[in-house]
Amino acid sequence: FVPRETPRTRVSVDGGLRWYGGPSPFVRLRTRRIWEFDEWAFRATHRVYWFQHRGFGTQLNLDFDRWLDDSHFFRYTPSAIWSEESSGVDWRQSLSIYHYITDNRMIGAVVDVQGITHPTFRPEKYEATLRWRQQTKRDWIFFEVRPGLAFPRDNEFQPTVIVTFRLDFLFGDEDLPWTVKPR
């Protein structure tokens with residue numbers, strides 16, 4: 001449901017089920033605002049949510065985006081989350097660079113650090129991943145694989161191999177940064 005939308009602002013409400021060892025209903029309110037400055041785009045996204053398995057929370061993401069040329073895209077994203085299950089504010093800093101091989105295939109590299117603010121402000125995990133994203137035979141289905149290394153505090157920052165597989169189904173006509181080339 002989209003109660004308000006302009007070319008630079010969008011407010012939406014959604015809900016559904018996620019699977020966390022069993023069905024977990026959720027509801028979210030999301031607001032997004034985009035500003036453009038010369039070569040840079042700045043996007044602020046704020047979410048307020050309730051998930052059955054983790055309670056109420058709020059999340060703020062700030063994306064600083066820049067196309068470096070016709071096929072290379074850079075993004076810096078600081079974010080913060082407060083929820084009923086978080087330790088103070090959970091924070092994350094992320095740097096990404098993507099290369100569009102074709103209009104429906106891209107590869108990227110992402111490095112980030114995640115941390116907490118309570119009991120002290122400190123990093124909890126460092127992570128470096130590669131990202132392969134491929135459109136399937138359908139325009140609205142994307143497959144993604146992300147191999148990488150994580151260095152979590154609870155493993156004394158020793159490397160841990162991680163691999164994420166993801167299948168995205170995109171409905172509606174919203175252009176997303178990873179599906180659209182620069183204008």
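Higher on the page you've got the structure.
A short tour of the structure in this document, coming up. Since we're looking at a predicted model, the values are computed, not measured.

**A word on the overall build of the protein**
- Secondary structure assignment for the protein yields 0 helices and 11 strands.
- Taken from the N to the C terminus, the helices and strands of the protein come in the order β-β-β-β-β-β-β-β-β-β-β.
- The C-alpha radius of gyration of the protein comes to 17 Å, within 12% of the 16 Å expected for a compact globule of 183 residues.
- On the principal axes, the C-alpha backbone points of the protein span a range of 45 × 40 × 35 Å.
- Taking all 183 residues of the protein together, the buried fraction comes to 33%.
- A separation threshold of at least 6 residues defines the contact pool for the protein, and within that pool the share at least 24 residues apart is 34%.
- About 11,700 Å² of surface is accessible on the protein, with carbon and sulfur atoms providing 58% of the total.
- Between the mean site of the 26 positive side-chain charges and the mean site of the 24 negative ones, the protein shows a separation of 3 Å.

The rules behind each value
- Residues numbered from 1 in each chain as written.
- Predicted model: local features only at pLDDT ≥ 70, side-chain atom pairs only at ≥ 80, totals over all residues.
- Heavy atoms only, no water.
- Helix = DSSP H or I, 4+ residues; strand = E, 2+ residues; numbered from the N terminus.
- Rg over C-alpha atoms; globule rule 2.2 N^0.38 Å.
- Buried < 20%, exposed > 50% of the residue type's maximum accessible area, 1.4 Å probe, protein only.
- Contact = heavy atoms within 4.5 Å.
- Areas by Shrake-Rupley, 256 points an atom, 1.4 Å probe, with all protein chains shown as cover.
- Lys, Arg positive; Asp, Glu negative; His and termini not counted.
- Charge placed at Lys NZ, Arg CZ, Asp CG, Glu CD.

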